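Report on the structure
Letter by letter, the chains look like this.
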Amino acid sequence: MSDTINYFADPADIPEGTLVELFFDACGRLSDHDAYNPGGEAGTLTYAGVQDEVRRAAAGLARFGIKRGDRVAILSENRLEWALADWACLCTGAVDVPIYSTLPAAQVAYILENSGASLIFVSDAEQHEKARDAIARAGLDMTVVVFDGGTDLDGATSWDDFVAHGDGASTDDFVKEARRARPQDLATMIYTSGTTGTPKGVMLTHNNLSSNIWATGQVLSLGEDDCSLSFLPLSHVLQRMVDYVFFTAGCTITHGSIETVAADMKRLRPTVLVSVPRLYEKVYQSVLDAGGVKGKLVSWAAGTGRRMALCRERGAKPPFILNLQYGIADRLVFAKIRQAVGGRLRYFVSGGAALAPEINRFFLGAGITILEGYGLSETSPVTNVNSLEHFRIGTVGRPVPGTEIRIADDGEILIRGPQVMMGYYGLEEMTREVISEDGWFSTGDIGELSGDGYLKITDRKKDLIKTSGGKYVAPQAIENLLKKNPYVDQAVVVGDGRKFCSVLVVPAFERLQSWAAEEGLKAEDSGALLAEPRSRALLKDEILGEMRDLARFETPKKIGLLARPFTVENGALTPTQKVKRSVVTEQYGELIESFYRPESVEQTIFLAS
């Protein structure tokens, strides 16, 4: 193994703590400062107001019998009540279980049953209906609390009625009970898909998260004058942990969504923002999509900005003519881009997936810094992040304080530090597979370390696909699902680093030929059969039907139909009949590229040439 890299602090020097301690410290230190800005008539909520609302919600949990160690689920989009419910769980000692609001009922049911949740918070009537379906599937008896309304929903309690139980609750008793939390207590279980597709509950302790909050806060420059927009799902550990960092630093938080982020940035004018690469890709493409004279101006400005970015990266003084050109480009193009993201942004943070260096340089040339970082749910999540002082495009930065990094002999990145999870819930053997006896966590990613400690991610060791939106997709589970269909022979899911997944399908041609004969269709060979519109319509319906219970981010949006099967002879299969993914993606590279071209937006079915 390579030498351990740790540039900031020995892990032993990282203070142990709890999220409860961080909560009360922030509320006491910043009592009159705005913690959240929910918008609308309610106005802002101060830290003192947050503590009072959390006290009331904690009393509501106690009223419904929730005790220290019990599991409480949250099925909701980002909103103020999500954060309040989370803090209330932590202060009560309950282990909260966040669930993506986009997951179908079948997957919600699995998480509820596996975690042993006894109460669930949901956002609205739609999520309430899904939760009731999931509860019935799992055969559970659970309390459902609805943030929006709830009084007219069967078996539900409204948020207002829920927190009303705390109107007379003692503040001293609330604080005393909350402070019983210990650093090694389980704080949350975050379910993440594995290579088999079965979600695994990542167990994170108070100290896992609080140490990561402290370490990340040492790297990112934040203060009471900052404000941010929380729009990545809080059910994912990245946005949630970053919101903890913002909260403890006095950075006012407004909750939003990916659908409204562009308008929200203009309206709220954030100073710091965390996102996955997809946002930066969209901004980049929207700028470069300009045509005509404007397109030529933008192209020239982008080239000028890139040259300026390279000078900044090298610490070199730009030539006089470049400074002159850049001034023009900035006034005509780049200033408008900065205004589009609010005009006050100090920096972006990018995580969840790899960011293309060219896109990062484009933003740097436009006067916008993107600090790329790295981490996993199992590491709470941050292990590395660039900073304003230590910044290198193409890398995910140096390790945060207390984090040790090694590169194994096979190139895999190994992490050790206080942020490494307790383990996978109920999966002791799987936990031992990824965490060694001396505490090293195997990330499944391949990387390189520079001599001065910058980490570069070069490949993925495991087969999990990671979209540019930061979502993990287990391809084998989807492929096995499709291969159960009588019209599907072989299937390979693709889309690593792309904005969505797609699937290559070899139909079961004998079955398809039988169907065609019944329909009166005549085709000389497999290619001609796939060229028939009715054949394609049938296959589309069969394939999409098999995927109906998948989460939206898991569901392949483009289907490539192949007339030639994968075989050992054509190099696509190993002798043991396993698909060689790299060979398949190379053989069908042109087809795969066509899935993601702008002109293919409305198209679902593609044929291999």
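Note: the structure precedes this text.
As a starting point, this report considers the structure included with it. Here the structure is a predicted model, which means the values were calculated and not measured. (Residues numbered from 1 in each chain as written. Predicted model: local features only at pLDDT ≥ 70, side-chain atom pairs only at ≥ 80, totals over all residues. Heavy atoms only, no water.)

**Structural notes on the side chain of Lys558**
- With respect to the helices and strands, the residue Lys558 is situated in strand β26 (residues 558–561).
- Of the buried charged residues, Lys558 lacks a salt bridge, with Glu602 as the closest side chain of opposite charge at 7.5 Å.
- Side-chain polar atoms of Lys558 contact the backbone oxygen of Ser600, separated by 2.5 Å.
- Discounting residues that sit within four places of it in the chain, Lys558 has contacts with Phe500, Cys501, Ser502, Val503, Phe595, Ser600, Val601, Glu602, Gln603, Thr604 and Phe606. (Helix = DSSP H or I, 4+ residues; strand = E, 2+ residues; numbered from the N terminus. Buried < 20%, exposed > 50% of the residue type's maximum accessible area, 1.4 Å probe, protein only. Lys, Arg positive; Asp, Glu negative; His and termini not counted. Salt bridge = Lys/Arg side-chain N within 4 Å of Asp/Glu carboxyl O. Polar contact = N/O pair within 3.5 Å; in protein donor to acceptor, adjacent residues only side chain to side chain. Contact = heavy atoms within 4.5 Å.)

**A closer look at the packing of helix α17 (residues 509–519) against helix α19 (residues 533–546)**
- Running from N to C, α17 and α19 cross one another at 125 degrees; their axes reach a closest spacing of 11 Å. Considered as vectors, α17 and α19 are oriented oblique to each other. Here α17 runs over α19; the crossing is right-handed. Counting all contacts with α17, which are made through Leu512, Trp515 and Glu519, the residues of α19 involved are Arg534, Ser535, Leu538 and Leu539.
- For the contact of α17 with α19, the residue count by class is four nonpolar, one polar and two charged. (Axes fitted to C-alpha atoms, helices over the stretch in contact; angles between N-to-C directions. Parallel < 35°, antiparallel > 145°, perpendicular 65-115°, else oblique. Left-handed = near helix turned anticlockwise from the far one by under 90°. Nonpolar A, V, L, I, M, F, W, Y, C, P; charged D, E, K, R; others polar.)

**Some words on a nonpolar patch on the surface**
- Residues Trp300, Phe320, Ile321, Leu324, Ile328 and Leu332 make up a contiguous nonpolar surface patch of about 580 Å² in total accessible area.
- When residues in the nonpolar patch are grouped by element, the largest group, five residues, is from helix α13 (residues 320–340).
- Secondary-structure assignment places Leu332 in helix α13.
- For Leu332, a relative accessible area of 37% puts it in the partly exposed group. (Patch = residues over 30% accessible without salt bridge, like charges linked within 9 Å, V, L, I, M, F, W, Y side chains within 5 Å. Areas by Shrake-Rupley, 256 points an atom, 1.4 Å probe, with all protein chains shown as cover.)

**Points about the sheet that holds strand β27 (residues 605–607)**
- Sheet architecture is open: four strands sit in the order β24-β25-β26-β27, paired in mixed fashion. Each edge of the sheet is formed by a strand with only one pairing partner; in this case those strands are β24 (488–494) and β27. Looking at each pair of strands side by side, their axes are set apart by 25 degrees on average, direction ignored.
- Alignment of β24 against strand β25 (residues 502–507), held across six bridges, turns out to be antiparallel. Paired with Val488 across the strands is Pro507, a residue of β25.
- Packing of helix α16 (residues 475–483) onto the sheet brings it into contact with β24 and β25, and relative to β24 it is tilted by some 160 degrees.
- Set on the sheet, α19 makes contact with β24, β25, β26 and β27; between it and β26 the angle comes to about 130 degrees. (Pairing = 2+ DSSP bridges.)

**A closer look at the pairing of strand β13 (residues 347–350)**
- Here β13 shows a buried face lined by Tyr347 and Val349 and a second buried face lined by Phe348 and Ser350.
- Here strand β12 (residues 272–275) pairs with β13 via four bridges, running parallel. Each bridged residue has a counterpart across the sheet, and for Val272 the counterpart in β13 is Tyr347.
- Pairing of β13 with strand β14 (residues 370–375) involves three bridges; the strand directions are parallel. In the strand pairing of β14, Val349 is matched with Leu371.
- In terms of handedness, the path from β13 via helix α14 (residues 357–365) over to β14 forms a crossover that is right-handed. (Right-handed = clockwise from strand over helix to strand, strands pointing away.)

**Let's talk about the side chain of His255**
- Its location among the elements puts His255 in strand β11 (residues 252–255).
- Judged by its relative accessible area of 17%, His255 is buried.
- Here Leu80 takes part through its backbone nitrogen, which lies 3.4 Å from a polar atom of the side chain of His255.
- Apart from the residues within four sequence positions on either side, His255 is in contact with Tyr36, Asn78, Arg79, Leu80, Ala83, Leu229, Ser230, Leu234 and Asp243.

**Focus: helix α7 (residues 171–178)**
- Within the sequence span of α7, burial applies to Phe174, Val175 and Ala178. Projected down its long axis, α7 shows its buried positions confined to an angular sector of 95 degrees, all on one face. Exposed residues lying more than 90 degrees from the buried face of α7 are Asp172, Asp173 and Lys176.
- Its side-chain oxygen placed 3.3 Å from the backbone nitrogen of Asp172, Ser170 serves as the N-cap of α7. (Arc of directions from axis to C-beta.)

**Focus: the pattern of salt bridges**
- Applying the stated criterion to the full structure yields 22 salt bridges.
- The residue Arg56 makes a salt bridge to Glu53 at a minimum N-O spacing of 3.1 Å. Of the two residues, Arg56 and Glu53 are both situated in helix α2 (residues 47–63); the distance of three residues between them amounts to about one turn of the helix.
- The salt bridge involving Arg137 is made with Asp133; its shortest N-O contact spans 3.1 Å. A residue pair is termed a helical-turn pair when its members lie 3 or 4 positions apart in one helix, as Arg137 and Asp133 do in helix α5 (residues 125–138) at four residues.
- Overall, Asp133 belongs to the partly exposed group, its relative accessible area being 34%.
- A network of salt bridges, in which partner residues are shared, links Glu53, Arg56 and Asp167.

**A few points about the nonpolar core**
- Ranked by size, the top nonpolar core spans 122 residues in total, and within it Phe121, Trp159, Phe247 and Phe348 carry the most contacts.
- At ten residues, helix α3 (residues 80–92) tops the list of elements feeding residues into this core.
- The contacts of Phe121, once residues within four sequence positions are left out, are Leu61, Val72, Ala73, Ile74, Leu75, Ala85, Cys89, Val145, Phe147, Trp159 and Phe162.
- Val122, Ala156, Met189 and Tyr588 belong to the second-largest nonpolar core, a separate cluster that totals 71 residues. (Core = buried A, V, L, I, M, F, W, Y, C linked by side-chain atoms within 4.5 Å.)

**Considering the environment of Ile465**
- Tracing the backbone shows Ile465 in strand β22 (residues 465–466).
- Among the residues examined, Ile465 registers a relative accessible area of 6% and is labelled buried.
- With 196 residues separating them in the primary sequence, Ile465 and Arg269 have C-alpha atoms 34 Å apart.
- The contact partners of Ile465, leaving out residues within four places of it in the chain, are Lys471, Tyr472, Val473, Pro475, Val493, Val494, Gly495, Asp496 and Cys501.

**Brief notes about the packing of aromatic side chains**
- Evaluated as defined, the whole model comprises 25 aromatic pairs.
- Between Tyr100 and Phe553 the ring centres are 6.1 Å apart and the planes differ by 55 degrees, which places this aromatic pair in the tilted class. Here Tyr100 is found in the loop between β4 (95–99) and α4 (105–115), whereas its partner Phe553 is found in the loop between α19 and β26, with 453 residues between them in sequence.
- Between Phe121 and Trp159, the aromatic rings sit 5.9 Å apart at their centres with planes inclined by 65 degrees, giving edge-to-face as the arrangement. Linking Phe121 in strand β5 (residues 117–122) with Trp159 in helix α6 (residues 159–164), this pair joins segments that are 38 residues apart in sequence. Comparing Phe121 with Trp159, the two get one shared label, buried. (Phe/Tyr/Trp six-rings, centres within 6.5 Å; stacked < 30°, edge-to-face > 60°.)

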